[in-house]
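Listed below are the residues making up each chain.
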Amino acid sequence: MERQAILRAEGVSKGYLEARGAGLVALEDLSLDIWEGEFLCLIGASGCGKTTLLNIFAGFIEPTRGRVLLRGKPILGIEPRCGMVFQSYALFPWKTVRGNVEFGPKMKGAGRAERRQIAQRYIDMVKLRGFEGRYPYELSGGMQQRVTLARALAADPEVLLMDEPFAALDAMTRQVMQEELLRIHEESQKTVVFITHNIDEALILADRIVVLSARPGRVKSILTNDLPRPRHVTIQLSPEYARLKSEIWTHVEEEVHQHLEASRYAAAGGG
Amino acid sequence: MVVKSSGGAQIAALEVAAAPRPWREWLRRRTRLVLGLLSVLAFLGIWNLATARGWISPVFLPSPAAVAAEAGNTLDTGELWRAVLASSERVFAGFFLAAAVAVPLGVLMGVWWPAKAIIDPFVSLLRPLPSITWIPLTILWLGIGEAQKTAIVFMGSWIYILIYTIESTKRVDPLLIRAARNLGATDVALMREVILPGALPGILSGLKVTLAISWSCVITAEMVAAQTGLGAIIWRAKDWGNLPLVLVGMAGISVTVLVADTLAELLERLLIPWERRRPR
Ligand SMILES: Nc1ncnc2c1ncn2[C@@H]1O[C@H](COP(=O)(O)OP(=O)(O)OP(=O)(O)O)[C@@H](O)[C@H]1O
Ligand SMILES: [Mg+2]
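Rules behind the numbers
- Residues numbered from 1 in each chain as written.
- Chains lettered and ligands numbered in written order.
- Predicted model: local features only at pLDDT ≥ 70, side-chain atom pairs only at ≥ 80, totals over all residues.
- Heavy atoms only, no water.
- Helix = DSSP H or I, 4+ residues; strand = E, 2+ residues; numbered from the N terminus.
- Rg over C-alpha atoms; globule rule 2.2 N^0.38 Å.
- Contact = heavy atoms within 4.5 Å.
- Areas by Shrake-Rupley, 256 points an atom, 1.4 Å probe, with all protein chains shown as cover.
- Lys, Arg positive; Asp, Glu negative; His and termini not counted.
- Charge placed at Lys NZ, Arg CZ, Asp CG, Glu CD.
- Buried area = accessible area lost by both parts, 1.4 Å probe.
- Salt bridge = Lys/Arg side-chain N within 4 Å of Asp/Glu carboxyl O.
- Polar contact = N/O pair within 3.5 Å; in protein donor to acceptor, adjacent residues only side chain to side chain.
- Nonpolar A, V, L, I, M, F, W, Y, C, P; charged D, E, K, R; others polar.

Asker: Could you give an account of the overall build of chain B, naming the residues involved and the relevant values?
Answerer: Counting its regular elements, chain B contains 11 helices and zero strands. Element order for chain B, N to C, with α for helix and β for strand: α-α-α-α-α-α-α-α-α-α-α. For chain B, whose C-alpha radius of gyration is 25 Å, the value lies well above the compact-globule estimate of 19 Å for 280 residues. Projected onto its principal axes, the C-alpha coordinates of chain B cover approximately 85 × 55 × 30 Å. Counting contacts in chain B only where the partners sit at least 6 residues apart, residues at least 24 apart contribute 71% of the total.

Next comes the structure, spelled out in structure tokens:
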């Protein structure tokens, strides 16, 4: 089967210079193909470089080595075709909920009525009707997170880069948002790269699940999740689900232990 | 399970903890007001006692009553109003001119480093000069009319506005700039939608601080060479040995600057609604 990789990381490494002068390798020689239209989940221990990888895909930072291709062309600057849902929200504090969500359409030159209509659609989708006129500081963390999601969707990018977009939501809202996201993915056939810490979330959402190793981040394993779609929470009761979950868990467990081991070592060395 | 993301429970807890207690806040504000009022009254009482009992000779400090009477006189003749008006006009002319030059220049210097590199040396050299040192040159160039007063205010104000503007422009959250670019913003849109609103609170608070500086500039200029204005009143009163009038002039400055400051505060709240209800 000949499929086109919409995003392709080729031998990507990223090192940071820390304030103390020491270097830190966040990603090392990471290669990954992301297929057009797929829903890909990235799983990995905290600090293994997931956000770093997403930032490279969005063109926010350059890899130290290697390169990233979008539809076969290297990403050189900030790339609006890869829309980011930020882990830390990054909402414009001087804009209301509506102003934030309208931002993408406005940049594309949509007229007032048109962008208002687009914004309303996504505000409704993230269940924030009635809060259009609020400023971000008047919202809870979970509400702000949903505004960020709506803002990215309203901008209609080709690839959605989502950095733990549901981390601040309660279990119920999270489930509703997951279902909405699946619906959008099915309708629009957009490519989604989705970071999560939650194996259940990855199993509900993903076509493929990429487990990253502890720092420096590399692709440890890639699992294909062919649980039938459309998926529903009840799928968690199936034996297939349990099998996949325990398989991912064995991969993740090693890395988590290694990560904890390393932090303990660092703490002992630093103290 | 070990791998689990942080849930919404923490956030809900925070919201409950932050619930305000309006009546307590109200009581505290009232108490603060009463205490301030009492302290002013006590000061006036001691001042009155000291002059009435002859502890301080009226040659050095007139009684509050004498000052109040002088204030009534100058208000009746309209002299005080004219002085306030004359000084205000000069301040606003110089201040707005300074803002009109320094805010755009500061934004440019904040976003485009070559501009900053070119202008920085002059900023470093001009900043240490008090506005009063510009008096000889400005008189030589502009005479002792309104233009010279405006020039003194301008020279004393523009650098502060510039510095505040550069700082606030550079301190706009880079994450928000990334977000805007990611959503497809062009250079012009980025400036209009992100950099200017992001820098606005800082620029406005810079303008507010500078407004008070502008006032001290105009008073200095008026004391050296002017027929009208609050500074001129004070200086003339000194020559005539009219100490109550000196104090009236000083009080006039305080009240006028306070009023200007309050107006500026109101304007600020109007211009940046997203900061209005944010706890400070
Ligand atoms: N700007 C930076 N300067 C220096 N070090 C950085 C910078 N950004 C990230 N790092 C380091 O790079 C490593 C990877 O960070 P990254 O944010 O990509 O992790 P992550 O996988 O997203 O973690 P989490 O799951 O906690 O969000 C971390 O050790 C972090 O300390
Ligand atoms: Mg992260």
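So that's the structure; there's more coming.
Asker: Lay out the overall build of chain A with the relevant residues and their values.
Answerer: In terms of regular secondary structure, chain A is built from seven helices and 10 strands. Principal axes of the C-alpha set define a box for chain A whose edges measure 55 × 50 × 45 Å. For chain A, restricting intrachain contacts to residue pairs at least 6 apart in sequence, the fraction spanning at least 24 positions comes to 68%. Accessible surface for chain A amounts to roughly 12100 Å². Of this, 52% is attributable to carbon and sulfur atoms. Taken together, the 35 basic and 34 acidic charged side chains of chain A have centroids lying 6 Å from each other.

Asker: Go over the interface of chain B and chain A with me, naming the residues and quoting the values.
Answerer: Listed per partner, the contact involves 29 residues of chain B and 42 residues of chain A. Between chain B and chain A the total buried area reaches about 3000 Å² when both faces are included, carbon and sulfur atoms providing 67% of it. Inspection of the chain B/chain A interface yields two salt bridges. For the interface between chain B and chain A, the tally reads six residue pairs in polar contact (both at pLDDT 80 or more). Elements represented by at least two residues in the side of chain B that touches chain A include exactly helix H1 (9–17), helix H8 (174–182) and helix H9 (187–224) of chain B. In terms of residues, the side of chain B that touches chain A owes the most to one element, H8(B), which gives seven residues. In terms of residue class, the side of chain B that touches chain A is made up of 15 nonpolar, seven polar and seven charged.

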